[in-house]
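Here's the letter readout for the chains.
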Amino acid sequence: MRRMFRSVIILVALVVCSTAAFAQQSFPSKPVRLLIPYAAGGAVDILGRTLGDELSKRWGQPVIIENRTGAGGTIASQVLVKSDPDGYTLIIIASGHAINPYLYSHLPYDTFKDFRPISLLGSSPNIMLVPANSPHKTLAGLLAAARAKPGSLSYGMSGTGTSTHLAGELLKYMAKVDIVAVSYKGGAPIINDLLGGHLPLSFNNIPESIGHIKSGSLRPLGVTTAVRSAVLPDVPTIAESGVPGYDTAVWWGMLGPGGLPADLAAKISKDCAAALHAPAVKQRLDNLGATVAGSSPADFEKLIRDDYNKWGPIIKAARIKGS
Amino acid sequence: MRRERDFQSSALQAGKVTAIPAPSQAAGLKENALDPQFLHNLALGFGIAFQWWNLFYCLIGVLLGTLIGVLPGIGSVAAIAMLLPVTFGLSPITAMIMLAGIYYGAQYGGSTTSILVNIPGEATSVATCLDGYQMARQGRAGPALAAAAIGSFFAGCVATVAVAMFAPPLAEVALKFGPSEYFSLMVFGLAGATVLAHGSLLKAIAMVLLGLLLGTIGTDANSGVQRFSYGIMELADGIGFIGLAMGLFGIAEIVSSLELKGSREVFTSKIGRLMPSREDFLRMWKPILRGTAFGTGLGILPGGGAMLASFGAYALEKKVSRYGHEFGKGAIEGVAAPESANNAAAQASFIPMLTLGIPSNVVMALMIGALMIQGIAPGPQVMNEMPNLFWGLIASMWIGNLMLIVLNLPMIGMWIKLLTVPYRFLYPSILVFMAIGIYSMSNSPFDVLIMAIFGIIGVIFVKLECEPAPLILGLVLGPMMEENLRRALMISQGDPTVLFTKPISAAFLIAALILLGIVLAPAIRRKREEVFVED
């Protein structure tokens, strides 16, 4: 009897172990939920839908996109943190994730402990724009004008704590100029106000502005990354135009809940990298002006930490208040 | 350092000379209108739109759109987002034709629930509820639905002509609207909200103010500080408008009609005629014309343009119509005008997207996303470099509008039969659909809760005879008004005179004053009359 009991235990243990191992080998065996913290139609949403489409082909299981918008992406992150760490609930976050602790003092989760980084998916430079008829022909000229009359210039950015806001604040911090941040809801109305001559300066994402740059209705003063953008090779970087060391981009990455096993995270990370470099996917994301990545979980974790450390003093200097 | 700067400056200037071929996009594009080239372009467009697969996807789009519009709460945004991966396999023009069909199809369908059960599916169909539902209660749901469909059809066709002929100059007008102009437009819109009041003017103003207050909930745009969210993350972006509107109109209506046993019977037994009578046609053609003009004009403005258009058209009719006293009690003008306006606005909202690459609402942003995935960067060059895309889409809108009216007129009979379904089946299923719809907006149970809470508040409003429409206008316009005012002041370095020195802005502020004068004067006069017991 006792022996039988023991053998049952062993049997059960074997079954449990094998299904656990099996689960990781055969992941996924049911639909995967991919949370998108931003509205349908935005860059993150399109990235998620493009990647999700490819992943579901590779996995043989549907990847269901769920837009949970609001509060700078923190609502979707909260949903992820509360879900089972089995790999069936994942999220795509943007670079704002790393700085949300500064913006929201009552975050319902810990930005580091409650998440398992999976992969950096892609990144894109932002771009500094002036209207075509602006007197400012170069970044250096603009900075000189801003220094001559502090507070006289204002720049448009697409919401508190967004990558365009941070790009502007980084410029103010590094170049020591006083330019007023004007908050908009997204990049499109900024372009409208630049074209209409209502706004002298802005930071925008490249995809929404490239058409106007090519047609000549908006003039780019510089890209925000350390290297020039592949889609706009003639536009100098801000770093090479008089603010050495200036480097910031918007990036997107995938996270799982904190308890997600490391080997499962590694598997999903590999699958994401493969899916991202599938020719059709890469082509579509290139069209959006994004540089496709696909990093290891460890590299992605380091990026989030580095960003968190980098932005602390700048956000403090900009006096962006949290809740 | 200085030499470097000079070098870069001259290098950029040199680059600029070659980079800017046309000094102004408007000048370059205007050539398209009203010349043989225009007819040629139109022929090109119809040639593309009449290709059988484009016709097929257009039909799919308008069918889906109608269905989405009819289901309360499920908006065109969710549907288009879900269909985005489907469009990867289509050519850009076919994708656009289908997505556009969903969008304007939903505008058609949205009026159905407003009229039959007093549930506005979208912000733009709130004004339709006011008289459409009253008509349905009087057994005139058929003429109301027909008025909505005919008004939408006419407006859709005319606005598409406007898009085809005047898109570039109209887009230039939209560009003239900066933060100060928007602020003044919103002030004008709010002044107009008081015209909407059927009963007490004081109550209407109170409701506008309540709406403005509710609109302050959420994250402060400039500092990132949370206002009145009490630590609830879901409130960080403010109260969702759709949930609030469905609660205030839909749930409140269901609850309060449960109270009135007698009149419920009357509602179902009187069905009446399906089509509008000769008199109805005579009464509605002018409102349709005015609504179309209103919608085309305001539709090009991003944000609240389409909603202001439908409310504005309603308010205008109420003032100019001989039947002004019937408004709120089932006047057919009160259906025809806002429905024409919102459909015209839906077509006109394509103008900034097609000519400038600037989306005027979320649906347009999604369509731009679909184009970008296909490798087409939105911007002023699209119209010149890809005429087949622009003209093919325009031509498809006419075809789509025709499909919609052919689809919708025969369906009126079917919708009306829905009213004969006993309430014990109809109401629970409406509630379920509303809950599913609102949940699907952002997969959030919180939105369902908001709808329920505002349902209760709505019942209280019914008891107090306070109308929810001015509140909704306040809630939607308030945050935009605040944002634009603050933007205007930040750009002007705190100088408030920009609001009066910019001509468009000043004109709207003066118009708002005049409007308030017109509205208040009769109210004051009436008060005096009451004193002298003349009424």
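Every value quoted in this text rests on a predicted model; they were computed, and no experiment measured them. (Residues numbered from 1 in each chain as written. Chains lettered and ligands numbered in written order. Predicted model: local features only at pLDDT ≥ 70, side-chain atom pairs only at ≥ 80, totals over all residues. Heavy atoms only, no water.)

(A) Inspection of helix 14 (residues 305–320) of chain B at higher detail. The end-to-end C-alpha distance of helix 14 of chain B is 22 Å, a good match for the 22 Å that 16 residues give at a rise of 1.5 Å each. Of all 16 residues making up helix 14 of chain B, 13 are buried, and the element is well covered by its neighbours. (Helix = DSSP H or I, 4+ residues; strand = E, 2+ residues; numbered from the N terminus. Expected span 1.5 Å × (residues − 1). Buried < 20%, exposed > 50% of the residue type's maximum accessible area, 1.4 Å probe, protein only.)

(B) Structural detail: the interface of chain A and chain B. Contacts between the two partners involve 60 residues from chain A, matched on the other side by 61 residues from chain B. Of the roughly 4800 Å² buried at the junction of chain A and chain B (both faces included), carbon and sulfur atoms supply 60%. A per-residue breakdown of the area chain A buries against chain B is headed by Arg 49, Asn 192 and His 198 of chain A, which together make up 12% of the total. Across the contact surface, chain A and chain B share 0 salt bridges. Viewed at the interface, chain B and chain A are joined by 5 residue pairs in polar contact (both at pLDDT 80 or more). Of all the secondary-structure elements, those providing two or more residues to the side of chain A that touches chain B are helix 2 (43–59), strand 2 (63–67), helix 3 (74–82), helix 5 (139–148), strand 6 (180–183), helix 7 (188–195), helix 8 (206–215) and helix 10 (279–287) of chain A. Examining the composition of the side of chain A that touches chain B, we find that 6 residues originate from one element, helix 8 of chain A, more than from any other. For the side of chain A that touches chain B, the residue count by class is 20 nonpolar, 27 polar and 13 charged. (Contact = heavy atoms within 4.5 Å. Buried area = accessible area lost by both parts, 1.4 Å probe. Salt bridge = Lys/Arg side-chain N within 4 Å of Asp/Glu carboxyl O. Polar contact = N/O pair within 3.5 Å; in protein donor to acceptor, adjacent residues only side chain to side chain. Nonpolar A, V, L, I, M, F, W, Y, C, P; charged D, E, K, R; others polar.)

(C) Spotlight on the packing of helix 7 (residues 126–137) of chain B against helix 15 (residues 333–348) of chain B. All names here are of chain B. Look at helix 7 against helix 15: their axes get within 8 Å of each other, and the N-to-C directions meet at 145 degrees. By crossing handedness, the relation of helix 7 to helix 15 is classed as left-handed. Every residue of helix 15 that contacts helix 7 at Ala 127, Thr 128, Asp 131, Gly 132 and Met 135 is listed here: Gly 334, Val 335, Pro 338, Glu 339 and Asn 342. Within the contact of helix 7 with helix 15, the residues separate by chemical class into 4 nonpolar, 4 polar and 2 charged. (Axes fitted to C-alpha atoms, helices over the stretch in contact; angles between N-to-C directions. Left-handed = near helix turned anticlockwise from the far one by under 90°.)

(D) The arrangement of helix 10 of chain A in detail. Residues and elements named next belong to chain A. If you check which residues of helix 10 are buried, you get Val 281, Arg 284 and Leu 285. Along the long axis of helix 10, the arc covered by the buried residues comes to 95 degrees, so they all point the same way. Positive phi shows up at Gly 289, right after helix 10, with a value of about 80 degrees. (Arc of directions from axis to C-beta.)

(E) Broad picture of the pattern of salt bridges. Residues and elements named next belong to chain A. Per the counting criterion, the structure on display carries 17 salt bridges over all chains. Asp 45 is the salt-bridge partner of Arg 49, the closest N and O atoms lying 3.0 Å from each other. You can see Arg 49 and its partner Asp 45 sitting in helix 2, 4 residues apart, about one turn around the helix. Assigned by exposure class, Arg 49 and Asp 45 land together as buried.

(F) Spatial organisation of the pairing of strand 9 (residues 249–257) of chain A. Residue and element names in this part refer to chain A. Within strand 9, 8 of the 9 residues are buried, leaving the element largely enclosed by the surrounding structure. Summarising the sheet, strand 4 (residues 115–131) and strand 9 pair through 9 bridges and their orientation is antiparallel. Following the sheet pairing, Arg 116 is matched in strand 9 by Gly 256. (Pairing = 2+ DSSP bridges.)

(G) The arrangement of the packing of helix 7 of chain B against helix 14 of chain B in detail. All names here are of chain B. Relative orientation of the contacting elements helix 7 and helix 14 amounts to 40 degrees, with a least axis distance of 8 Å. Overall, the two elements helix 7 and helix 14 adopt an arrangement that is oblique. Where helix 7 abuts helix 14, its residues Val 126, Ala 127, Leu 130 and Asp 131 lie against Ser 310, Phe 311 and Tyr 314. (Parallel < 35°, antiparallel > 145°, perpendicular 65-115°, else oblique.)

(H) Broad picture of the environment of Pro 468 of chain B. All names here are of chain B. For Pro 468, the position within the fold is in helix 22 (residues 468–491). Judged by relative accessible area, Pro 468 falls into the buried class, the value being 16%. Along the sequence, Pro 468 and Met 207 sit 261 residues apart, while their C-alpha atoms lie 7.0 Å from each other. The residues touching Pro 468, leaving out its near neighbours within four places in the chain, are Met 207, Leu 248 and Phe 249.

(I) Geometry of the environment of Phe 327 of chain B. Residue and element names in this part refer to chain B. Inspection of the secondary structure puts Phe 327 in the loop between helix 14 and helix 15. By relative accessible area, which is 3% here, Phe 327 ends up buried. Separated by 12 residues in sequence, Phe 327 and Ala 315 place their C-alpha atoms 9.6 Å apart.

(J) Quick look at the packing of aromatic side chains. As enumerated under the stated definition, the model contains 17 aromatic pairs over all chains in all. Between Tyr 102 of chain A and Tyr 308 of chain A, the ring centres sit 4.8 Å apart and the planes meet at 10 degrees, which makes this aromatic pair stacked. In this pair, Tyr 102 of chain A sits in helix 4 (residues 96–103) while Tyr 308 of chain A sits in helix 11 (residues 297–318), placing the two residues 206 residues apart along the sequence. Taking the relative accessible area as the measure of exposure, Tyr 102 of chain A reaches 24% and is therefore partly exposed. Taken together, a centroid distance of 5.8 Å and an interplanar angle of 15 degrees make the contact between Phe 46 of chain B and Trp 398 of chain B stacked. One end of the pair, Phe 46 of chain B, is in helix 3 (residues 36–49); the other, Trp 398 of chain B, is in helix 19 (residues 387–419), with 352 residues separating them in the sequence. Under the relative-accessibility criterion, Phe 46 of chain B is labelled partly exposed at 25%. A cation sits over an aromatic face here: Arg 305 of chain A above Phe 112 of chain A, 4.2 Å from the ring centre. Arg 487 of chain B extends its terminal NZ or CZ atom over the ring of Tyr 184 of chain A, reaching a point 4.2 Å from the ring centre. (Phe/Tyr/Trp six-rings, centres within 6.5 Å; stacked < 30°, edge-to-face > 60°. Lys NZ or Arg CZ within 6 Å of the ring centre and 35° of its normal.)

The values reported here are purely geometric and, on their own, carry no functional implication.
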